[in-house]
Amino acid sequence: MKTYLTHATIVTPDEVLHDAALVIDNGLIAAINPETAPSDAREIDLQCRLLLPGLVDLHCDALEKEIEPRPGVHFPLDFAIANADRRNAIAGITTVFHALSFANAELGVRNNAFAADIARAVQHERAELLVDNRVHCRYEVTDSEAPGVLLKLLEQDAIHLLSFMDHTPGQGQFKSDTAYREYLAKTYKKTEAEIDQLLAAKHAAGAGSEARMRLLADAAHRHGVQVASHDDDTPEKAAFVHQLGATISEFPINLATAQAARALGMATLYGAPNILRGKSQSGSMRALDAVLEGVADCLCADYAPAAMLPAVLKLPELAGITLSQAIALASHNPARAAGLHDRGAIQPGLRADLIAVNIRGATPHVEGVWLLGQARVMMMGLGG
C-alpha cells in the first residue's frame, strides 16, 4: 500500500516546503506535492511537523556502552543490540554504523575477540531491527593481532566501514603521555605499572603499523568497504591515509588538517555532542568552528545518538546556514561519504527513510520513523 503524508513541513536539499505532501510507494519516495492525491494510499496527517530524511550516523560508540554499561558488566548481545536499535530509532537515526574498536590494549569490549563477536551479532540481527544497523570497525594501528580478525570479518561481510586510529600518546587525540595515562586509569582502572607496560607495547608495535594499514585498506577496497581515518592531526597524515584510499577524515584535530583532507577530496566528520557542548572533550577543534570555517562535511553521534537531531537543528542559528544545509550534514553528506547513494535526502527515487519531528519548546521529538516506507515508530497523535 502507498502512504500519503500530508500537511508536512518538508526539508528538501534545496528548500523548506510548508504544508506539503509526499507519496511513498514500494519503499521509495514517489512524489513531492503531487498534483492529485493517490486514491489507493493510506493518508497520514503530519499536522505541520517537520519531515526530514532519516539521519545517517557513520560513527557511534554507544553500542559498546549498551553491552558493557559498567566495567566488566556485560549484557547479552542480542538484548544490547535491540536496545541500541530502539535508541537510534527514537533519535531519528535510520542508518547507524556501530563503531567497534579493535584495540586489545584497551580491554573491555574493545578487545579483538569480543569486538568480532559484536560485529557478527549485529550482522545476524540486522534483518529484525527497526533501522539499518551496520558495523564500523575501528582498527588501532599499533595492535599487531587485529588484522587477522578483521580480514576474516571482511570475508564474512560483517564490516561496512573500516577506520584507522592511533592512540599513541604525543599525537592525535592524546597529545601527551599524561592524557593517555589518565584515560587508562579512569576508564579501565589500570595501575601505573600496567600503564607502563601498555605504553611500552604500544610504542614497540608502532613500527609495523603502516604495512598493516596497507594490508587492511587493500582488503577493504576489494570488498567494497569505505576506509576512514581517525583523529588526523597534520596535513601529512591526511595525505598518507588518502594515499591508502581513505575517503573520510574523522575528527580532524585542527583547521589545517581539515582543509588538507577536503582538498584531497576526503569528507570530514565531526561529533554532534561537540556542537551541543560547545567544545571538544579532548581539547581539539570545535565542531562549530569547523562548520563556520566551511570544513565540516558530516556530523555523527559519536557517543550520544540523542545529540544528532538537536545539534543539527541548532546550526542555522549558530552557524548562519540554511536548515537544508544543516540537515545535509547528518543525512545526505554522510550517506554519500559511505557510498550509500540510495538515501539521505527527500527526493523522488530515493529510499523512503524518513522521520517526522515535533518541536516542543526547544526540544525536538521524533514522533514518526519510516524505513523503506514502512512505519517503524508511530507516536500517539500521528495517524490518518
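Our subject is the structure listed above.
On a predicted model such as this, the values are computed, not experimentally measured, just so you know.

Student: Just give me the short version of the side chain of arginine 212, but keep the residues and values in it.
Tutor: Considering the arrangement of structural elements, one finds arginine 212 in helix α7 (residues 209-222). Reaching out from arginine 212, the side chain makes a polar contact with the backbone oxygen of valine 141 at a distance of 2.8 Å.

Student: Any chance you could break down the sheet that holds strand β6 (residues 55-60) for me, citing the residues and the numbers?
Tutor: Taken in spatial order, the eight strands of this open sheet run β6-β7-β8-β9-β10-β11-β12-β13, and their pairing is parallel. The outermost strands of the open sheet, each flanked by one partner alone, are β6 and β13 (298-300). Neighbour-to-neighbour, the strand axes of this sheet turn through a mean angle of 25°, independent of strand direction. In this structure, strand β12 (residues 267-271) lies alongside β13, joined through three bridges in parallel fashion. Bridged to tyrosine 270 within β13 is leucine 299.

Student: Please give an account of the pairing of strand β15 (residues 363-371) that cites residues and values.
Tutor: Both faces of the sheet carry side chains from a regular strand, because those side chains alternate between them. When you tally the buried positions in β15, you get seven out of nine residues, the bulk of the element. With seven bridges joining them, strand β14 (residues 354-360) and β15 adopt antiparallel strand pairing. Across the sheet, arginine 360 pairs through a bridge with threonine 363, a residue of β15. Hairpin connection from β14 to β15: two residues lie between these consecutive antiparallel strands, with glycine 361 at a positive phi of about 70°.

Student: How would you summarise helix α3 (residues 112-125) if you had to cite specific residues and measurements?
Tutor: When the terminal C-alpha atoms of α3 are compared, their 20 Å separation across 14 residues agrees well with the 20 Å that a helix rising 1.5 Å per residue should span. Where α3 is concerned, the buried positions are Asn112, Phe114, Ala115, Ala116, Ile118, Ala119, Ala121 and Val122. In the core, the buried residues of α3 are packed alongside α1 (62-67), α2 (77-90), β7 (93-102), β8 (132-140) and α4 (146-155). At the N-terminal end of α3, a side-chain oxygen is found 3.1 Å from the backbone nitrogen of alanine 113, two or three residues along, and the residue is asparagine 111.

Definitions and cut-offs
Sequence order sets the numbering: in each chain, residues are counted from 1 along the sequence as written. Given that the model is predicted, a residue must reach a pLDDT of at least 70 before its local features are reported, and side-chain atom pairs must reach 80 or more before they are shown or counted; all residues, however, enter totals for whole chains, interfaces and linings. Only hydrogens and water are removed before side-chain values are computed, so all heavy atoms of the structure are retained for them. Think of it this way: any DSSP run of H or I at least four residues long counts as a helix, any run of E at least two long counts as a strand, and we number them from the N terminus. In protein, a polar contact requires one atom able to donate a hydrogen and another able to accept it; more generally it is a pair of N or O atoms within 3.5 Å, and residues adjacent in sequence count only if both atoms are side-chain atoms. Paired strands are those between which DSSP finds at least two bridges. For every element, the axis is a line fit to its C-alpha atoms; helices are fit only across the contacting stretch, and the angle between N-to-C directions ranges from 0 to 180 degrees. Buried residues are those whose accessible area, probed at 1.4 Å on protein chains only, stays under 20% of the maximum for their type, while exposed residues exceed 50% and partly exposed ones sit between those limits. One less than the number of residues in a helix, times 1.5 Å, gives the span that helix is expected to have. Should any heavy atoms of two residues lie within 4.5 Å, those residues are considered in contact.

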